[in-house]
Amino acid sequence: MPILAPSEEALRSAAAALVSGELVAFPTETVYGLGGDAFNPQALARIFAVKGRPRFDPLILHIATLDSLEAVAALSSLDPGLRHKLDALCTRLWPGPLTLILPKQPRVPDLATSGLPTVGVRFPSHPVAQALIRLSTGVVAAPSANPFGYLSPTRASHVQEQLGDQVPCILDGGPCTIGLESTVLDITASPRLLRSGGTPRELIEGILGPVEGPPKDPGEVLRSPGQLQSHYAPHTRVTLYSQEDMIRLPYEASAAYLFFDGSSCDAWVQGLSLAGMPALEPGESRTERIAVLSQEGNLGEAAARLFDLLHRLDKLGASVIRAQRVPGYGLGAAINDRLSRAAAGS
Ligand code: TXA
Ligand code: MG
């Protein structure tokens, strides 16, 4: 299916497709979304069908002006304290990689929210996403544009490879700059993280003070229905290691390796040559099967490259992907979350 550069004309025809009930894949700063008109149940049903997504897993509604928030969220039913928190979050963190769970307006179709009394709303910062939403109906439902359970797409080509034959139009906005899905924060009661993501917890807590979550107990899965343990998983088996264990791994020709930073990779290569396993030189070790998320150990760069590198490693036919956990602060929490889910799926 056509991948279109986001010209004015392409945006208008993609918006018209949305208005007429068709689906459009589009870029956001987090990952590519599979969009449909949020108020059209047929379009919503098509999203679930194309993704193979269970109907119990609700969709995020995307808006491109703060005025549209009232159209989908029943703000008057929030108590004044929560309303104040909502205003602070909207002012400081929107547009951006943060989804807020709020009481839903009755006009939002139950299919969008999986019958829940709440709705997930996000105001993306990507200019192509904003233009598309504004030119269409103003509220676009969009999950990540991948088959259910598989890695999220961070490039138009990922969408093309995975869903291309089922999506009439893919808008190309280049590689996603954040590269991890939005953070999901429930503010219908005392604020609670449901999914770690592109907005670090520390940033939210700097505004609201301490927040709860994300849930660890599988019994809580229903409160955050999309957070099944096995998710974001490549087809190749993934196993995870601390830095200390990763740099002591033996070399296997059939395995793929995903290091956090260049110095960990170099330490591993040096260890191999000390142990009499040459073949690799420090700095010359970046073969197809040996990938580094961020040479300098920058978590933002690591996040932006995570899914792209996993997509690439997944195509090599390796027996296993051996991946290093990253430091757990800032965006590292969400990177480790996605790596753990990838490993749980194998
Ligand atoms: O960054 C993102 O959020 C991307 C881009 C396209 O915006 N979208 C995305 O959507 O990741 P999806 O469908 O892959 O993940 C949506 C998550 C799921 O974990 C879902 O359960 C949760 O949001 N969610 C949506 N509505 C909810 C609600 N009312 N209550 C609790 N969780 C909700
Ligand atoms: Mg998803």
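Residues numbered from 1 in each chain as written. Chains lettered and ligands numbered in written order. Predicted model: local features only at pLDDT ≥ 70, side-chain atom pairs only at ≥ 80, totals over all residues. Heavy atoms only, no water.

### A look at the sheet that holds strand β13 (residues 290-294)
Reading across from one edge, β11-β14-β12-β13 is the order of the 4 strands in this open sheet, with parallel pairing throughout. With partners counted over all chains shown, the strands left at the sheet margins are β11 (238-241) and β13, one partner each. On average, adjacent strands in this sheet sit at an angle of 20° to one another, irrespective of strand direction. Pairing geometry for strand β12 (residues 256-261) and strand β14 (residues 321-324), over 3 bridges, is parallel. Among the inter-strand pairings, L258 is bridged to a residue of β14, identified as A323. Taken strand by strand, helix α10 (residues 262-274) contacts β12, β13 and β14, and its axis lies near 130° from that of β12. Sitting on the sheet, helix α12 (residues 332-344) touches β11, β12 and β14, and the angle it makes with β11 is about 135°. (Pairing = 2+ DSSP bridges. Helix = DSSP H or I, 4+ residues; strand = E, 2+ residues; numbered from the N terminus. Axes fitted to C-alpha atoms, helices over the stretch in contact; angles between N-to-C directions. Contact = heavy atoms within 4.5 Å.)

### A look at the nonpolar core
What tends to happen in soluble globular proteins is that the nonpolar side chains get buried as a cluster. Core analysis: the largest hydrophobic core is formed by 48 residues, its most contacted members being L69 and L100. When residues no more than four places from it in sequence are discounted, the contact partners of L100 are L86, L89, C90, W94, V119, G120, V121, L185 and I187. Within the second largest apolar cluster, 28 residues are counted, among which are L151, A303, L309 and L331. (Core = buried A, V, L, I, M, F, W, Y, C linked by side-chain atoms within 4.5 Å. Buried < 20%, exposed > 50% of the residue type's maximum accessible area, 1.4 Å probe, protein only.)

### Some details on unusual backbone geometry
For the peptide bond that leads from W94 to P95, omega is -5°, which places it in the cis range. Relative to the helices and strands, P95 is located in the loop between α4 (80-93) and β5 (98-103). Residues G213 and P214 are joined by a peptide bond in cis, for which omega reads -5°. The backbone of S114 sits at a positive phi, close to 55°, despite the residue not being glycine. Tracing the chain through its elements places S114 in the loop between α5 (110-113) and β6 (118-122).

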